[in-house]
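Topology and contacts: notes
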Amino acid sequence: LDREGRRRYYDVRVSSLSQGYGMVGGQVLSLRDVTDRRQREQRLDVLNRMLRHNIRNELNLVRGKIELAAVDVEGQSPQDHLDDATTAIDGIVARSNKLGRLSQMLDSDHGEAIDIAAELRSQRETGGLDFEGGTIEINLPDRLVVSGGSAVLGAFEELLTNAIEHNESRSPHAVVRVDDAETSEEHVVIVVSDNGPGIGQQELQTMNAGRETALQHSSGVGLWIVNWVVGRAGGTVSLENDDGCTVRVRLPRG
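In this numbering scheme, every chain counts its residues from 1 along its sequence in written order. Local features in a predicted model are, by the rule used here, given only for residues with pLDDT of at least 70; side-chain atom pairs are given and counted only at 80 or more, and totals for whole chains, interfaces and linings are based on all residues. Hydrogens and water molecules were not included; the side-chain quantities draw on all heavy atoms of the structure.

Here we look at the overall build of the protein
For clarity, the cut-off: Only DSSP runs of H or I covering at least 4 residues are called helices, and only runs of E covering at least 2 are called strands; the numbering of each starts at the N terminus. Type-normalised accessible area, obtained with a 1.4 Å probe on protein chains alone, sets the label of each residue: buried when under 20%, exposed when over 50%, and partly exposed for intermediate values. We call two residues in contact whenever any of their non-hydrogen atoms come within 4.5 Å of each other. Note on areas: these come from Shrake-Rupley sampling with a 1.4 Å probe, and a residue is covered only by the protein chains present in the view.
Looking only at helices and strands, one finds six helices and eleven strands in the protein. Relative to its full complement of 254 residues, the protein shows a buried share of 41%. Long-range contacts, defined as pairs at least 24 residues apart, comprise 64% of the intrachain contacts of the protein with a sequence gap of at least 6. For the protein, the exposed surface amounts to about 14900 Å²; the carbon and sulfur share of it is 46%.

A few points about the packing of helix H4 (residues 149-165) against helix H6 (residues 222-232)
Formally: Interaxial angles span 0 to 180 degrees and are taken between N-to-C directions of axes, which are lines fitted to C-alpha atoms, for helices over the stretch in contact. To sort the angles, those under 35 degrees are grouped as roughly parallel, those over 145 as roughly antiparallel, those from 65 to 115 as roughly perpendicular, and the leftovers as oblique. In this scheme, a crossing is called left-handed if the near helix is turned counterclockwise away from the far one by less than a right angle; it is called right-handed if the turn is clockwise. Charged means Asp, Glu, Lys or Arg here, nonpolar means Ala, Val, Leu, Ile, Met, Phe, Trp, Tyr, Cys or Pro, and polar covers whatever is left, Gly included.
Remark: H4 packs on H6, axes separated minimally by 9 Å, with the N-to-C direction vectors making an angle of 150°. In this view, H4 runs roughly antiparallel relative to H6, as classed from their interaxial angle. For the pair H4 and H6, the sense of crossing is left-handed. Seen from H4, the contacting residues are Ala151, Val152, Ala155, Glu158, Leu159 and Asn162; seen from H6, they are Gly222, Leu223, Val226 and Val229. Class assignment for the residues of the contact of H4 with H6 results in seven nonpolar, two polar and one charged.

Topic: the nonpolar core
We apply this condition: Residue types Ala, Val, Leu, Ile, Met, Phe, Trp, Tyr and Cys, when buried and joined through side-chain atoms within 4.5 Å, form a set referred to as a nonpolar core.
Counting 42 residues, the largest nonpolar core has Ile116, Leu120, Leu140 and Phe156 as the members making the most contacts within it. Contributions of two or more residues to this core are made by helix H3 (116-125), strand E6 (135-139), H4, strand E8 (173-178), strand E9 (187-194), H6 and strand E11 (245-252). It is H4 that provides the largest number of residues to this core, a total of nine residues. Among residues more than four places away in sequence, those in contact with Leu120 are Leu129, Ile138, Leu140, Leu153, Phe156, Leu160 and Val176.

Re H6
Of all eleven residues in H6, eight are buried; the element is thus mostly enclosed. Within H6 the residues assigned to the buried category are Gly222, Leu223, Trp224, Ile225, Val226, Trp228, Val229 and Val230.

Brief notes about a nonpolar patch on the surface
To keep it simple, the criterion reads: Within the patch definition used here, like charges are joined within 9 Å and nonpolar side chains (Val, Leu, Ile, Met, Phe, Trp, Tyr) within 5 Å, considering only residues with over 30% relative accessible area and no salt bridge. Any Lys or Arg side-chain nitrogen located within 4 Å of an Asp or Glu carboxyl oxygen qualifies as a salt bridge.
A grouping of Leu1, Val12, Val14, Leu29 and Leu31 is seen on the molecular surface, where their side chains present a nonpolar patch of about 500 Å² in accessible area. We classify Val12 as partly exposed; its relative accessible area is 47%.

Some thoughts on the pattern of salt bridges
According to the stated counting rule, one finds eight salt bridges in the structure shown. For Arg13, the salt bridge is made with Asp11, and the minimal N-O distance between the two is 2.9 Å. Using a relative accessible area of 52% as the deciding quantity, one classes Arg13 as exposed. The shortest N-O distance in the salt bridge between Arg32 and Asp11 comes to 3.5 Å.

Observations regarding unusual backbone geometry
The phi dihedral of Asp243 falls on the positive side, at around 55°, and the residue is not glycine. Its location among the elements puts Asp243 in the loop between strand E10 (236-241) and E11.

Side note on the pairing of E8
Side-chain positions along a regular strand alternate between the two faces of the sheet. Which entries qualify depends on this criterion: A strand pair is defined by DSSP finding two or more bridges across the two strands.
Where E6 meets E8, five bridges bridge the pair, whose relative direction is parallel. Following the sheet pairing, Asn139 is matched in E8 by Arg177. Direction of pairing for E8 relative to E9: antiparallel, over a ladder of five bridges. Its bridge partner lying in E9, Arg177 is registered against Val191.

This is how it looks when you write it as structure tokens:
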């Protein structure tokens, strides 16, 4: 349910009221707010998948590459195997750093107002949104104040990073704009779109379901970070593929 601009999730239960002699006099409908519990369960799902699947597989890869580097095989350079192992370790460290950043973002004040247009432009001018071979276009009003504080800025930085780094086109490009048709006096809808290959169907299904399973999980934690941060700020995130990937972020105005 959407209450006061925020989406909440409830556990619904129905109990019958007895009048005696086996007759039912009515029913009691109870709704228990489980929004925070649902988010905690999502975090545990993602962390469990990362520890049991991603990191385990990557460490097995590192071990295998190191073992191959110790074997003298004609036509294969030991240094190539060591370089692959180093790359895998760098990926593990980067993912761990991202999880640490996630904790800081989720613990920050999500009720604080922030001029997201000014902050994104400042990041671009100072080189915070510079990507080799990619460009970012910011089509936002001069001033656009939303709720969510610095965590929301981090969420948009994550979206833009993914839009460029996972873009396989010759000239990766991302655009940030306001959807005027969906924006109201209470909420603003900010769209991040790119010209990349789009998001895989499994990724879309996992995010829409809000839960990871043994047979269905997302490839990373970036989209979960965005989803959790925006949800804490009282907003919503939707994803779709249309000549690339389009992410719509709906946030309360600051």
